[in-house]
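# Inside the fold
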Amino acid sequence: MSGLLTDGGAGAAGYAIGSIPFGLLLGRATRGLDVREIGSGSMGSTNVLRAAGPAAAAATFALDVGKGTAAVYVARALGAGPAGQVAAGLGAMVGHSWPALAGFRGGKSVATAFGALLAISPEASGWALAGGLSTLAATRIVSLGSLMAAGSATVAAGVSAARGGPPAPLVFAGLASALIAVRHADNLRRLARGAEPRVGLPRRRG
């Protein structure tokens, strides 16, 4: 029972950390606007780039990554084991996507997931980075790069688990990938139509 309480507390702490709306705060501080009223309606770094420029976007990305990493480290400080650390990372993602501090309108949790994965499995996070950046370089489509990063992390964690590695990275990567796919539902529809915008090109209507 104490383990379940610790894991639950870790998940709740992760949600609280993930709910800090850095992109929203930076948009207001630098441009006096709500970044969610522009572009995709997200408070993640890609939309902050559109709304508030590269400096605010870079800061948002770094802080959102930090939320995921901090959530896992807080779980460890609370005495949580691998399951609690996974719960904390997922809690941070849910908090970022549906933040209580910002009317439950958040981002798509890619950076926060990456930050949590850095703490849970540095090896899988390296594969995520490689898969995401190579896809982005080849296609210039941020959403596709994000989805490929999530998929690459899941495959890498699955291979590790099959070779006798711990299962927690696979559990986290699989559930995180599912949440990221849900948050990218509109992007997936545009990708299917060939209408998803590319970096440096204007957004097509529809």
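Residues numbered from 1 in each chain as written. Predicted model: local features only at pLDDT ≥ 70, side-chain atom pairs only at ≥ 80, totals over all residues. Heavy atoms only, no water.

## Structural notes on the overall build of the protein chain
If you tally the helices and strands in the protein chain, you get 10 helices and zero strands. Going from the N terminus to the C terminus, the protein chain shows its helices and strands as α-α-α-α-α-α-α-α-α-α. Computed over its C-alpha atoms, the radius of gyration of the protein chain comes to 17 Å, within 12% of the 17 Å expected for a compact globule of 206 residues. Taking the principal axes of its C-alpha atoms as reference, the protein chain extends roughly 50 × 35 × 25 Å. Buried residues in the protein chain amount to 46% of all 206 residues. Across the protein chain, every contact between residues at least 6 apart in sequence was considered, and the portion connecting residues at least 24 apart equals 62%. With an accessible surface of roughly 9,600 Å², the protein chain has 68% of that area assigned to carbon and sulfur atoms. Positive and negative side-chain charges in the protein chain, numbering 18 and 7 respectively, have mean positions lying 8 Å apart. (Helix = DSSP H or I, 4+ residues; strand = E, 2+ residues; numbered from the N terminus. Rg over C-alpha atoms; globule rule 2.2 N^0.38 Å. Buried < 20%, exposed > 50% of the residue type's maximum accessible area, 1.4 Å probe, protein only. Contact = heavy atoms within 4.5 Å. Areas by Shrake-Rupley, 256 points an atom, 1.4 Å probe, with all protein chains shown as cover. Lys, Arg positive; Asp, Glu negative; His and termini not counted. Charge placed at Lys NZ, Arg CZ, Asp CG, Glu CD.)

## Overview of the packing of aromatic side chains
According to the stated counting rule, one finds zero aromatic pairs in the structure shown. Taking the ring centre of Trp 98 as reference, the NZ or CZ of Arg 183 above it sits at 4.9 Å. (Phe/Tyr/Trp six-rings, centres within 6.5 Å; stacked < 30°, edge-to-face > 60°. Lys NZ or Arg CZ within 6 Å of the ring centre and 35° of its normal.)

## Section: the layout of surface pockets
Here the largest pocket defines a volume of roughly 1,200 Å³. Along the walls of the largest pocket sit 49 residues, with Ser 45, Thr 46, Val 110, Val 142 and Ser 146 positioned nearest its centre. Where the lining of the largest pocket is concerned, the elements lending two or more residues are helix 3 (45-52), helix 4 (54-77), helix 6 (110-120), helix 7 (122-139), helix 8 (142-162), helix 9 (168-183) and helix 10 (185-193). Sorting elements by how many residues they give to the lining of the largest pocket places helix 8 first, with seven residues. Partitioning the lining of the largest pocket into residue classes produces 25 nonpolar, 17 polar and seven charged. Computed from the structure, the second largest pocket encloses a volume of approximately 220 Å³. Only helix 9 and helix 10 provide two or more residues apiece to the lining of the second largest pocket. The greatest single-element share of the lining of the second largest pocket, amounting to four residues, is contributed by helix 10. (1 Å grid on protein atoms, 1.4 Å probe; cavity = no way out; pocket = protein on both sides within 12 Å on 5 of 7 lines; lining within 4 Å. Points joined across faces, edges and corners; volume = space filled by probe spheres on them. Nonpolar A, V, L, I, M, F, W, Y, C, P; charged D, E, K, R; others polar.)

## Looking at the side chain of Thr 135
Inspection of the secondary structure puts Thr 135 in helix 7. Once residues lying within four places of it in the same chain are set aside, the contact partners of Thr 135 are Arg 140, Leu 144, Gly 145 and Met 148.

## A few points about a nonpolar patch on the surface
Side chains of Ile 20, Leu 25 and Leu 101 sit close together on the surface and give an oily, nonpolar patch of about 270 Å² of accessible area. On the basis of relative accessibility, which here comes to 59%, the residue Leu 101 falls in the exposed class. (Patch = residues over 30% accessible without salt bridge, like charges linked within 9 Å, V, L, I, M, F, W, Y side chains within 5 Å. Salt bridge = Lys/Arg side-chain N within 4 Å of Asp/Glu carboxyl O.)

## Focus on the packing of helix 7 against helix 8
Following both chains from N to C, one finds helix 7 and helix 8 inclined at 150 degrees, their axes separated by 7 Å at the closest point. The angle between helix 7 and helix 8 places the two elements in the roughly antiparallel class. As helix 7 packs across helix 8, the resulting crossing turns out to be right-handed. Judged by residue contacts, Ala 124, Trp 127, Ala 128, Gly 131, Gly 132, Thr 135, Leu 136 and Thr 139 of helix 7 engage Val 142, Leu 144, Gly 145, Met 148, Ala 149, Ser 152, Ala 153 and Ala 156 from helix 8. (Axes fitted to C-alpha atoms, helices over the stretch in contact; angles between N-to-C directions. Parallel < 35°, antiparallel > 145°, perpendicular 65-115°, else oblique. Left-handed = near helix turned anticlockwise from the far one by under 90°.)

## Focus on helix 9
Each full turn of the α-helix corresponds to 3.6 residues, which orients residues three or four apart in the same direction. With 16 residues, helix 9 extends 22 Å from end C-alpha to end C-alpha; this agrees with the ideal 22 Å at 1.5 Å per step. Considering only its buried residues, helix 9 is in contact with helix 5 (82-97), helix 6 and helix 8. (Expected span 1.5 Å × (residues − 1).)

## Quick look at the nonpolar core
If you look at the biggest cluster of nonpolar residues, it comprises 22 residues, and the most contacted ones within it are Leu 90, Met 93, Leu 117, Phe 172, Ala 176 and Ile 180. Mapped by element, the contributors of at least two residues to this core are helix 5, helix 6, helix 7, helix 8 and helix 9. Element by element, the count of residues in this core is highest for helix 9, at six residues. Formed by nine residues, the second largest nonpolar core is a distinct cluster that contains Leu 24, Ala 51, Ala 52 and Ala 57. (Core = buried A, V, L, I, M, F, W, Y, C linked by side-chain atoms within 4.5 Å.)

## Describing the pattern of salt bridges
Under the criterion given, the structure shown has five salt bridges. With a shortest N-O distance of 3.0 Å, Asp 34 and Arg 36 are connected by a salt bridge. Comparing Asp 34 with Arg 36 shows no difference in burial state: the two are buried. Put simply, Arg 189 and Asp 186 hold a salt bridge, and the shortest N to O gap is 2.3 Å.

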